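Structure assessment
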Amino acid sequence: MSSLAQVSQVAGDPAVHPTAPAPETQKRGWTAYLLLLPGALWLGVFFVLPLVQLATVSLQSRYPGFPGYYYRDVNLDNYVSALTDYAPHFARSFLYAGLATFLAFVVAYPLAYAMAFKAGRWRNLMMICVIAPFFTSFILRTFAWSQILADEGWVAGTLNFLHLLPGGHIINTPVAVIAGLTYNFLPFMVLPIYASLERADPRVIEAGGDLYANGFTTFRTVTLPMSMPGVLAGTLLTFIPAAGDFVNMELLGPQRGKMVGNVINDQFLAIPGGYPVASALSFTLMAAILVMVFLYVRRFGTEELV
Amino acid sequence: MAGFREARGDLKLDSVTKAFGDFTAVDDIDLDVPRGSFFALLGPSGCGKTTTLRMIAGLEQPTAGRVMIGDTDLTGSRPYERPVNTVFQSYALFPHLTIRDNVAFGPKRRKEKEAAARADDALELVQMTQFAGRKPAQLSGGQQQRVALARALVNHPEVLLLDEPLGALDLKLRREMQVELKRIQTEVGLTFIHVTHDQEEAMTMADTVAVMNKGHIEQLGAPAALYDLPRTRFVANFLGQANTGVGTIKGTDGDHLVADVLGTPVKILKSRSQVHDGEVLFGVRPEKVTVSRSQPEGAGNDVKGVVRDVSFLGVATSYLVDMPSGATWSCYEQNLDVEPLDLRPGDAVWLTWNPGHAFGVPVDES
């Protein structure tokens, strides 16, 4: 009896318990925020502020007669210009990036499949070969492609010799641009697909065969769906940068018929007073890509990305 | 579907060998599993049991020998051509498909009508109907195990292969599933080949157990027969416990062989010994040994030892007894007496057993 009474007394004493754990939790809470601080600062200074800056510039108007001078305004003409004058550039960007993404997928999937399932001891070497191009700069590699695809190069030379090249050139054509984009972003397609294939339980693929699916059917109904998270990540990692790219067009593409990245580049750096239009173009590109990615992930997405 | 072989009958392995480079995983195995039986392949890891199973499934091809069902030779055919399905150790459910689609996968590939309805029937058999719309990742291990079973059973294979299907479950669930598997096997009447390293599991469920070691089948038979009369040292030790001692056969006494085990004469029925002269490994099961404080009269074989340890287990008491030979014997006594023995470590005891329970196996082999 007495011990029971004692227990209830201790438990019922409000002075002892409720306040005690509070400082502990508070401290732990602060630690989490402190750890977040460097990242948050970085994002704030180098992402959010420039974005706000870009947004204000995209709405500015020029001083008539003073090229290069602007005043603060809410001028939506910049966006109208971006969507009308530069619609073909947007279309080209998305078309070329889409084609490059498709081609990269076609090249990358068998490569990733071979690395994951067939390479054996060659796997690491293949991995190094995929990553090795990153040891040289993006610009240099694209320059190298301008040599490979040049009229005097062996690719164009061979095709011309065989009369298989209508027009006679590869360099300075959209084909060269798409080839360059495909090449440059290929590793971003290979690596996520490889990761998702490599992670797949080989027993699950065997189960396909055990349940009356032949090799091709097992691939179509088991292996490919299981690698979809990797395919999704790979296509996004390829399409997004490819759509905004201007280097490949600059070094490999034709003089006319540029992509939106080139227009933004020119408006910012070459054309006096181009800042508002360049900003509006950047924002429009960003918004368009966001919408497309959203729809794409809604359509093909799985619960997890990679 | 093209290539599918509608074989019926007993499963036969005819001198099947599988080598991986220098390593022979399965060495010249012959097996004959009657249609509709529950057959267990029991052995330690690396004994070749899973490789044997994978050869039956077609996931591996034998280096030599033939795999047959009835009169149909399945050797060389692909897994999807065989009337055989597997329940994989890790379940290997398709992570991107719902439970219903997982189970309907086989029937759909075989272009069967009402694949979804068949899947629902199979899910009902394993009591998983309410989870049909979920994804495998949303289920527990035990639930995934049931789905894996349904996914194989739905196809009504001629032979169902189970690769350590209960290995990942906790003890209580494993017991439940053992009973459940046996019920399902009786209900569907298919040939089940069950690979396991758990001797208790094999003995509980299977009609016939084949004990495998180092790529060979050591012994094959009904669980009770294997336990009662092991024919090799490996089987004696792997299937249950055995008190053993190396002895030399000195002569005969009627139907019995008389062997000398480090000074103690023991008798083994001639019919229960695999060797009849020279060295023999004498053995007797722990529960066949009676512990008493005084030397019993008229007992067959007895030997005096010293109690090392006593474990009270409720239904029984287990004793460890140091023998004069230096070995430690284990004895298992049911707690039937009104007056308990009340032995303490250090007490001298007499161990007796009926010679009819003793067995003799060759000493060699580990």
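Residues numbered from 1 in each chain as written. Chains lettered and ligands numbered in written order. Predicted model: local features only at pLDDT ≥ 70, side-chain atom pairs only at ≥ 80, totals over all residues. Heavy atoms only, no water.

1. Here's the deal with unusual backbone geometry
- The phi torsion at A:H163 lies on the positive side, around 60 degrees, for a residue other than glycine.
- Using a relative accessible area of 72% as the deciding quantity, one classes A:H163 as exposed.
- With a phi angle near 60 degrees, B:Q127 is a residue other than glycine that sits in the positive phi range.
- Here B:Q127 is to be found in the loop between α3 (115-125) and α4 (141-153). (Buried < 20%, exposed > 50% of the residue type's maximum accessible area, 1.4 Å probe, protein only. Helix = DSSP H or I, 4+ residues; strand = E, 2+ residues; numbered from the N terminus.)

2. Re the packing of aromatic side chains
- In this structure the tally under the stated criterion is 19 aromatic pairs over all chains.
- Measuring from centroid to centroid gives 5.8 Å for B:F282 and B:W353, while their planes differ by 45 degrees, and the two rings are tilted. Of the two residues, B:F282 is situated in strand β14 (residues 279-284) and B:W353 in strand β19 (residues 348-353); the sequence distance between them amounts to 71 residues.
- Connected via pairs of aromatic rings, a cluster forms that spans A:F105, A:Y109, A:Y113, A:F117 and A:F219.
- The cationic tip of A:R299 hangs over the ring face of A:F300; the distance from NZ or CZ to the ring centre is 4.5 Å. (Phe/Tyr/Trp six-rings, centres within 6.5 Å; stacked < 30°, edge-to-face > 60°. Lys NZ or Arg CZ within 6 Å of the ring centre and 35° of its normal.)

3. Things to note about the interface of chain B and chain A
- On the chain A side, the residues contacting the 26 residues of chain B number 19 residues.
- Taken together, the two surfaces of chain B and chain A that pack against each other cover about 1,900 Å², and 63% of this comes from carbon and sulfur.
- Area buried by chain B at its contact with chain A is led by B:Y80, B:H96 and B:R109, which between them contribute 28% of it.
- At the boundary of chain B and chain A, one finds one salt bridge.
- The closest approach of N and O atoms between A:E206 and B:R54, which form a salt bridge, is 2.5 Å.
- For the pair chain B and chain A, the interface holds eight residue pairs in polar contact (both at pLDDT 80 or more). (Contact = heavy atoms within 4.5 Å. Buried area = accessible area lost by both parts, 1.4 Å probe. Salt bridge = Lys/Arg side-chain N within 4 Å of Asp/Glu carboxyl O. Polar contact = N/O pair within 3.5 Å; in protein donor to acceptor, adjacent residues only side chain to side chain.)

4. Things to note about the pattern of salt bridges
All names here are of chain B.
- Applying the stated rule across the entire model yields 28 salt bridges over all chains.
- Residue E6 pairs with R8 through a salt bridge whose shortest N-O separation is 3.8 Å.
- For R8, a relative accessible area of 48% translates into the label partly exposed.
- Of the charged contacts in the structure, one is a salt bridge between D73 and R66, with a shortest N-O distance of 3.8 Å.

5. What about helix α11 (residues 228-244) of chain A?
Residues and elements named next belong to chain A.
- Helix length check: α11, at 17 residues, gives a terminal C-alpha distance of 24 Å against a target of 24 Å (1.5 Å per residue), a fit within 8%.
- Here α11 lies mainly inside the structure; 12 of its 17 residues are buried.
- Listed as buried for α11 are P229, G230, V231, L232, A233, G234, T235, L236, T238, F239, A242 and A243.
- Looking at the buried side of α11, the elements it contacts are α4 (87-118), α8 (174-199), α10 (215-226), α13 (260-269) and α14 (275-300). (Expected span 1.5 Å × (residues − 1).)

6. Comments concerning the sheet that holds strand β9 (residues 208-213) of chain B
Residue and element names in this part refer to chain B.
- Read across the sheet, six strands follow the order β6-β7-β8-β3-β9-β10 without closing on themselves; strand pairing throughout is mixed. Two strands bound the open sheet, and with one partner strand each, they are β6 (84-87) and β10 (216-221). Adjacent strand axes in the sheet meet at a mean angle of 20 degrees when their direction is disregarded.
- Of the pairings in the sheet, the one linking strand β3 (residues 38-42) to strand β8 (residues 191-196) comprises five bridges and is parallel in character. In the sheet register, F38 faces β8, and the bridge partner there is F192. (Pairing = 2+ DSSP bridges. Axes fitted to C-alpha atoms, helices over the stretch in contact; angles between N-to-C directions.)

7. Comments concerning the sheet that holds strand β4 (residues 64-69) of chain B
All names here are of chain B.
- Ordered in space as β2-β1-β4-β5, the four strands form an open sheet in which the pairing is antiparallel. Strand pairing shows two members of the sheet lacking a second neighbour, β2 (23-33) and β5 (72-73), which therefore form its edges.
- Two strands pair when backbone bridges link them, and strand β1 (residues 11-20) and β4 are joined in this way by five bridges, in the antiparallel orientation. Bridging from a neighbouring strand, L13 pairs with V67 of β4.
- Here helix α1 (residues 49-57) sits on the sheet in contact with β1, β2 and β4, set at roughly 115 degrees to β1.

8. What about the pairing of β10(B)?
All names here are of chain B.
- Here five bridges tie β9 to β10, and the two strands are oriented antiparallel to one another. Paired with A210 across the two strands is L220, which belongs to β10.
- Connecting β9 to the antiparallel partner β10 that follows it, the hairpin turn spans two residues, and K214 within it adopts a positive phi of roughly 50 degrees.

9. So, the nonpolar core
All names here are of chain B.
- Grouped together as the largest cluster of nonpolar side chains are 45 residues, with contacts concentrated most on V103, L149, L153, L160, F192, V209 and V211.
- Element by element, the count of residues in this core is highest for α4, at six residues.
- Residue contacts for V211: discarding those within four places in its chain leaves L42, H216, I217, E218, Q219, L226, F234, V235 and F238. (Core = buried A, V, L, I, M, F, W, Y, C linked by side-chain atoms within 4.5 Å.)

10. Quick word on the pairing of strand β7 (residues 159-163) of chain B
Residues and elements named next belong to chain B.
- With five of five residues buried, β7 is to be regarded as a mostly interior element.
- Of the two faces of β7, both are covered, the one formed by V159, L161 and D163 as well as the one formed by L160 and L162.
- With five bridges connecting them, β7 and β8 associate as parallel partners. Each bridged residue has a counterpart across the sheet, and for L162 the counterpart in β8 is H194.
- Handedness of the crossover joining β7 and β8 through helix α5 (residues 171-188): right-handed. (Right-handed = clockwise from strand over helix to strand, strands pointing away.)

11. What to know about the packing of α4(A) against α8(A)
Residues and elements named next belong to chain A.
- Axis separation between α4 and α8 bottoms out at 6 Å; the angle between their running directions is 40 degrees. Put simply, α4 runs oblique to α8. Regarding α4 and α8, the two cross each other, and that crossing is right-handed.
- In the contact of α4 with α8, the residues fall into 26 nonpolar, two polar and one charged. (Parallel < 35°, antiparallel > 145°, perpendicular 65-115°, else oblique. Left-handed = near helix turned anticlockwise from the far one by under 90°. Nonpolar A, V, L, I, M, F, W, Y, C, P; charged D, E, K, R; others polar.)

12. Quick word on the domain arrangement of chain A
Residues and elements named next belong to chain A.
- Domain boundaries in chain A define domain 1 (2-58) and domain 2 (80-300).
- With centres defined by C-alpha atoms, the gap from domain 1 to domain 2 works out at 43 Å.
- Counting residues at the interface gives five residues for domain 1 and eight residues for domain 2.
- Contact between domain 1 and domain 2 buries roughly 510 Å² in total, counting both sides, with carbon and sulfur atoms accounting for 85%.
- Counting every contact that joins domain 1 to domain 2 gives zero salt bridges.
- In this structure, the connection of domain 1 to domain 2 is made through zero residue pairs in polar contact (both at pLDDT 80 or more). (Domains from an automatic or database assignment.)

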